[in-house]
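Chain and residue survey
The lines below spell out each chain.
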Amino acid sequence: MTDNSQINGSFDDLLSANREFAQSFSLSGFDGVARAGVAIVTCMDSRIDPLGMIGLAPGDAKIFRNPGGRVDNSALEAMVLGVHLLNVQRVLVVPHTRCAMASASEQQLRRRIGESAGQDASWQSFHVISDQLDALAQDVAKVRSHPLIPDTVQVGGFLYDVDTGLLTQHR
């Protein structure tokens, strides 16, 4: 049986920060559309500030994050919804330098995860990226060719440098 008081207490610092955040919360009543007409598909890496890196603020863009910043089926679903329901007119696909998904093999990740978990992880798929720029080109093409995303939507592929903060356009 788990001691819930221990579990609940492990979030106290975050809940305290949330109460401070809520004191100056300014998005109440906002309709949820992307005010700047932008959607970003990027990695879950905590070194990435998706809004800050392109000069936007909360409410300006729709953001979809996953390991490697890949355009998978879930990302495509989000882009279709964004385009048709949430004012998305431009899509940025943004993987980044020094990404774990592009710097390790599937076997290496399985081994590392297995060691950390203390159990076999050979069955888990991690969708590693062997050629990041080729994957970026494929992902941009997926968005551009999706039948429910019109040609009027601008789609660009960019590589974010986690050491400089700069974006480089590739597609």
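A brief look at the structure comes next. Keep in mind the model is a prediction, meaning the values are calculated, not measured.

Thresholds applied
- Residues numbered from 1 in each chain as written.
- Predicted model: local features only at pLDDT ≥ 70, side-chain atom pairs only at ≥ 80, totals over all residues.
- Heavy atoms only, no water.
- Salt bridge = Lys/Arg side-chain N within 4 Å of Asp/Glu carboxyl O.
- Helix = DSSP H or I, 4+ residues; strand = E, 2+ residues; numbered from the N terminus.
- Buried < 20%, exposed > 50% of the residue type's maximum accessible area, 1.4 Å probe, protein only.
- 1 Å grid on protein atoms, 1.4 Å probe; cavity = no way out; pocket = protein on both sides within 12 Å on 5 of 7 lines; lining within 4 Å.
- Points joined across faces, edges and corners; volume = space filled by probe spheres on them.
- Nonpolar A, V, L, I, M, F, W, Y, C, P; charged D, E, K, R; others polar.
- Disulfide = S-S within 2.5 Å.

This next bit is on the pattern of salt bridges. Evaluated as defined, the whole model comprises seven salt bridges. Notably, a salt bridge pairs R35 with D60, separated by 3.6 Å at the nearest N-O pair. Remark: D60 occurs in the loop between β1 (38-43) and β2 (61-66) and R35 occurs in the loop between α2 (12-23) and β1; sequence separation between them is 25 residues. Judged by relative accessible area, D60 falls into the buried class, the value being 15%. The partner of R110 in a salt bridge is E106, with the nearest N and O atoms 3.3 Å apart. Of this pair, R110 and E106 both sit in helix α5 (residues 106-117), four residues apart, which is roughly one turn of that helix. Via salt bridges that share partners, R70, D139 and K142 belong to a single interconnected network.

The subject of this paragraph is empty space enclosed by the protein. Taken as a whole, this structure holds one cavity of 30 Å³ or more when the rule is applied. Together, G68, G69, R70, P95, I129, Q132, A135, L136 and D139 line the largest cavity. In the lining of the largest cavity, the residues fall into four nonpolar, three polar and two charged.

This paragraph deals with the state of the cysteines. For the coordinates displayed, the defined rule picks out zero disulfides. For C43, which is in no disulfide, the shortest distance to another cysteine sulfur is to C99 and amounts to 4.2 Å. For C99, a relative accessible area of 4% puts it in the buried group.

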